Amino acid sequence: MTKKAILQLDGLTCPSCMQKIEHAVSNQDGVETVKVLFNAGKVKADFDDAKTSAADLAQVVTKLGYTVEKVKVKD
């Protein structure tokens, strides 16, 4: 089932950060779409919850060196 994850970030400082995050998250198995909202400091992703989870996506972002402050999941 497709779900939507919204990750609130801290430490997003430049457009190249945005591209790095979008690339890493989009390569995660089960991710259908990903968009980083630079000014809002958010990552929005549609994902198949049978293949990955919002926690997995947050871990990908954390490994890149960013702090995920909050995770929301919507159906």
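Before reading on, note that the structure itself is shown above.
Residues numbered from 1 in each chain as written. Predicted model: local features only at pLDDT ≥ 70, side-chain atom pairs only at ≥ 80, totals over all residues. Heavy atoms only, no water.

Caption draft 1: Region of the structure containing the side chain of Asp48. Its place among the elements puts Asp48 in strand β3 (residues 42-48). For the buried Asp48, no salt bridge is present, and the opposite-charge side chain at shortest range is Lys51, 4.5 Å distant. At a separation of 2.9 Å, a polar atom in the side chain of Asp48 contacts the main-chain amide nitrogen of Ala50. Excluding residues that lie within four positions of it along the chain, Asp48 makes contacts with Met1, Gly30 and Glu32. (Helix = DSSP H or I, 4+ residues; strand = E, 2+ residues; numbered from the N terminus. Buried < 20%, exposed > 50% of the residue type's maximum accessible area, 1.4 Å probe, protein only. Lys, Arg positive; Asp, Glu negative; His and termini not counted. Salt bridge = Lys/Arg side-chain N within 4 Å of Asp/Glu carboxyl O. Polar contact = N/O pair within 3.5 Å; in protein donor to acceptor, adjacent residues only side chain to side chain. Contact = heavy atoms within 4.5 Å.)

Caption draft 2: Broad picture of the sheet that holds strand β2 (residues 31-37). Pairing in this open sheet of 4 strands is antiparallel, and the strands run β2-β3-β1-β4 from one edge to the other. If you trace the sheet from one side to the other, it starts and ends with β2 and β4 (67-74), each paired once. When strand polarity is set aside, the average angle formed by the axes of neighbouring strands in this sheet is 15°. Alignment of strand β1 (residues 2-10) against β3, held across 7 bridges, turns out to be antiparallel. Within β3, the position partnered with Gln8 by the bridge is Lys42. (Pairing = 2+ DSSP bridges. Axes fitted to C-alpha atoms, helices over the stretch in contact; angles between N-to-C directions.)

Caption draft 3: Molecular detail of the pattern of salt bridges. Using the criterion set out here, one finds 3 salt bridges in the structure. With its nearest N and O atoms 3.4 Å apart, the salt bridge here joins Asp75 to Lys3. Here Lys3 lies in strand β1 and Asp75 lies in the segment after β4, a separation of 72 residues in the sequence. Here Asp46 and Lys4 are joined by a salt bridge, their closest N and O atoms 3.1 Å apart. One end of the pair, Asp46, is in strand β3; the other, Lys4, is in strand β1, with 42 residues separating them in the sequence. Shared partners join several salt bridges into a network, and the residues in it are Lys3, Asp49 and Asp75.

Caption draft 4: Helix α2 (residues 54-63), seen in detail. Within the span of α2, buried status applies to Ala54, Leu57, Ala58, Val60 and Val61. Down the axis of α2, the sector holding all buried residues measures 155°, keeping them to one side. Along α2, the residues that are exposed and aim more than 90 degrees away from the buried face are Ala55 and Lys63. Turning to α2, the residues buried within the fold contact β1, α1 (15-26), β2, β3 and β4. Looking at the residues trailing α2, positive phi occurs at Gly65, about 105°. (Arc of directions from axis to C-beta.)

Caption draft 5: View of the nonpolar core. Membership of the largest hydrophobic core comes to 20 residues, with the highest contact counts inside it found for Leu7, Leu9, Ile21, Val25, Val43, Leu57 and Val61. Taken together, the elements giving at least two residues each to this core come down to β1, α1, β2, β3 and α2. Counting residues per element, this core draws most heavily on α2, at 5 residues. (Core = buried A, V, L, I, M, F, W, Y, C linked by side-chain atoms within 4.5 Å.)

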